[in-house]
Amino acid sequence: MSNILKIDRRHIWHPFTQHASERDPLVITRAKGASLFDEDGREILDLISSWWTCIHGHAHPALIDTIGKQAETLEHVMFAGFTHPPAANLSKALTDVLPGDLNRVFFSDNGSTSVEVALKLAYQYQRNKGDPGRTEFIAFEGGYHGDTLGAMSVGRGSDFFKLFQELMCTVHPIPYAHTWEGDNAIAEREDDALNAFASRLDSDGEKAAAIILEPLMQGASGFRFARPEFVRRVSEMAREAGLLVIYDEVATGFGRTGTLFACDQVGFVPDIICLSKGLTAGVLPMAVTVARDDVFEAFLGETFDLALAHGHTFTANPLACAVALKSLELFHEEKALDRVAHIETRNRDQLARLQDHARAEQPRAMGCMLAFELAESEGHYKTQDGERLRDWYLTNGLNIRPLGPSVYLMPPYCITDDELTRAYDGLFEGLDAL
Ligand SMILES: Cc1ncc(COP(=O)(O)O)c(C=O)c1O
């Protein structure tokens, strides 16, 4: 066993890990493009972009160069009472590419905190507007929004947080209509879900401050895709009922669904949008919660108690802001969305093959994502089949990490055609070996 592994075993507590039974982690010492390299130099294709972050690939020279230059100029400064060029320029660039009047950027550190901020914004917005009875939230069954208390509350339908129910705020779940290639009953399921939502609005709509949802794709609960019309209709109904609409695009943002943001396809401008992961292209931790002008204006007034009393020590870290700005520029310089479109074409070519495979069900493709369910495999998050597959893939040089029975690929956009071919071949070999 390597020295690093010995130290890790003795001192590190890993996320989402049962240390009593799980195998040792792999020691990764280097990464480049779509590949990770372990301490023996063995290459592993990172087909899930290291928890969906590194959109342009690992160790992109332009991003690394940006960090170096920014570190020489200004590495950090507190953000209350101070500002700096990377934060200002990033805010301008982000609001330029976001739809409508999503113009006010609040910085935090990760997806969960961006959601936490959104929930607090919505709650206080309603109070500041004179509607203090709106203290609850509505969220989709199966939605996942992170691991802090508020984020867990609205993500309770993802089944990850049963243990913590007593700590949570009041959230009303509504059914989610997800779909796949060759699904003929989706219109019916959408109608049922919309009717259930209408009833929920009748019973609890007046107590709700906001609805929060992952537009087009529920990530952590198994890459469950929804149609844009369904998401739009839910959003419109919520707004008509006086709720703020929060889109959690922590996973879907920055090209994953084929457009820069999923809301571009939905054709709806949310009141608040949460972004992280791809925001900094997986290089540094940062998140933003962006609000429409109208939401921001509700916090203006003579007294501090109308203001948002929230902030984090590393709010708007200049290094992370500079990297995020450069990452946005790479979308133009490297035609990143064209690359996503190309990956989608390649992914779509696999759908028929998946449909024919005895162990694959409900194949689906959107943007850079390809997903399916393992047939005859039940359970949640860590299932026996899923774990066996993950191990097989890792042993064979592929980082594919099923979420329970849901298997998916979400590669960096720099992945080459040869690498994709390797990924598909391995994907099917692993299935055959199961
Ligand atoms: C949609 C969504 N929201 C929020 C989060 C939480 O982000 P983080 O893990 O950075 O706190 C995630 C993480 O996977 C996510 O997929």
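Above this text sits the structure in question.
Residues numbered from 1 in each chain as written. Predicted model: local features only at pLDDT ≥ 70, side-chain atom pairs only at ≥ 80, totals over all residues. Heavy atoms only, no water.

A description of the packing of helix H4 (residues 85–97) against helix H11 (residues 318–333) should follow, citing residues and the corresponding values.
Two numbers describe how H4 lies on H11: the axes approach to 8 Å, and their chain directions differ by 35 degrees. Here H4 and H11 pass one another in a crossing that is left-handed. Of the residues in H11, those in contact with Pro86, Ala87, Asn89, Leu90, Ala93, Leu94 and Val97 of H4 are Pro318, Cys321, Ala322, Ala324, Leu325 and Leu328. Classifying every residue of the contact of H4 with H11 by side-chain character gives twelve nonpolar, one polar and no charged. (Axes fitted to C-alpha atoms, helices over the stretch in contact; angles between N-to-C directions. Helix = DSSP H or I, 4+ residues; strand = E, 2+ residues; numbered from the N terminus. Left-handed = near helix turned anticlockwise from the far one by under 90°. Contact = heavy atoms within 4.5 Å. Nonpolar A, V, L, I, M, F, W, Y, C, P; charged D, E, K, R; others polar.)

How would you sum up the sheet that holds strand E12 (residues 287–292)? Please name residues and give values.
Pairing within the open sheet is mixed, and its seven strands lie in the order E4-E12-E11-E10-E7-E5-E6. Only two strands of the sheet have a single neighbouring strand rather than two, namely strand E4 (102–108) and strand E6 (171–174). Neighbouring strand axes in the sheet, compared pairwise and without regard to direction, differ in orientation by 20 degrees on average. Bridge analysis of strand E10 (residues 244–248) against strand E11 (residues 272–275) gives three bridges, and the strand direction is parallel. Following the sheet pairing, aspartate 248 is matched in E11 by cysteine 274. (Pairing = 2+ DSSP bridges.)

Hey, could you go over the nonpolar core for me, with residue numbers and the actual values?
Counting residues in each nonpolar core, the largest one holds 102 residues, and the members touching the most others are Ile211, Phe223 and Phe230. The two domains that each donate at least three residues to this core are domain 1 (3–56 + 335–433) and domain 2 (64–331). Each residue touching phenylalanine 223, except ones within four places of it in the same chain, is listed here: Trp52, Met217, Gln218, Arg364, Met369, Ala371, Leu403, Tyr408 and Met410. Ranked by size, the runner-up nonpolar core spans 25 residues in total, among them Leu121, Ala139, Val154 and Val295. (Core = buried A, V, L, I, M, F, W, Y, C linked by side-chain atoms within 4.5 Å. Buried < 20%, exposed > 50% of the residue type's maximum accessible area, 1.4 Å probe, protein only. Domains from an automatic or database assignment.)

Give me the site of the ligand: which residues, what numbers.
Taken together, Trp52, Asn110, Gly111, Ser112, Tyr144, His145, Gly146, Glu214, Asp248, Val250, Ala251 and Lys277 make up all the residues around the ligand. Serine 112 has a polar side-chain atom sitting 2.6 Å from an oxygen atom of the ligand. Considered on its own, the ligand offers 390 Å² of accessible surface; in the complex 83% of this is hidden by protein. In a pocket analysis with a 2 Å cut-off to the grid points, the ligand is assigned to the second largest pocket. When the residues that make up the shell around the ligand are grouped by side-chain class, the tally is four nonpolar, five polar and three charged. (Near = heavy atom within 4 Å. Polar contact = N/O pair within 3.5 Å; in protein donor to acceptor, adjacent residues only side chain to side chain. Areas by Shrake-Rupley, 256 points an atom, 1.4 Å probe, with all protein chains shown as cover. 1 Å grid on protein atoms, 1.4 Å probe; cavity = no way out; pocket = protein on both sides within 12 Å on 5 of 7 lines; lining within 4 Å. Sits in = over half its atoms within 2 Å of the grid points.)

Outline the packing of helix H14 (residues 384–395) against helix H15 (residues 417–433), listing residues and values.
It is at 10 Å that the axes of H14 and H15 come closest, and there the two elements cross at 130 degrees. Classed by the angle they form, the pair H14 and H15 counts as oblique. Between H14 and H15 the crossing geometry is right-handed. The residues of H15 that touch H14, namely those facing Leu389, Trp392 and Tyr393, are Gly426, Leu427, Glu429, Gly430, Leu431 and Ala433. Residues that form the contact of H14 with H15 fall into these classes: six nonpolar, two polar and one charged. (Parallel < 35°, antiparallel > 145°, perpendicular 65-115°, else oblique.)

Explain the packing of aromatic side chains to me, and be specific about the residues and the numbers.
Enumeration over the complete set of coordinates arrives at 16 aromatic pairs. Measuring from centroid to centroid gives 6.5 Å for tyrosine 176 and phenylalanine 230, while their planes differ by 70 degrees, and the two rings are edge-to-face. You can see tyrosine 176 sitting in the loop between E6 and helix H7 (186–204) and its partner phenylalanine 230 sitting in helix H8 (residues 228–240), a full 54 residues away along the chain. With a relative accessible area of 9%, tyrosine 176 lands in the buried category. (Phe/Tyr/Trp six-rings, centres within 6.5 Å; stacked < 30°, edge-to-face > 60°.)

Please give an account of the side chain of threonine 95 that cites residues and values.
Here threonine 95 lies in helix H4. Residue classification places threonine 95 among the buried residues on the basis of a relative accessible area of 13%. One polar contact links the side chain of threonine 95 to the main-chain carbonyl oxygen of serine 91, over a distance of 2.8 Å. Ignoring anything within four residues of it in the chain, the contact list for threonine 95 reads Leu102, Asn103, Arg104, Val105 and Val290.

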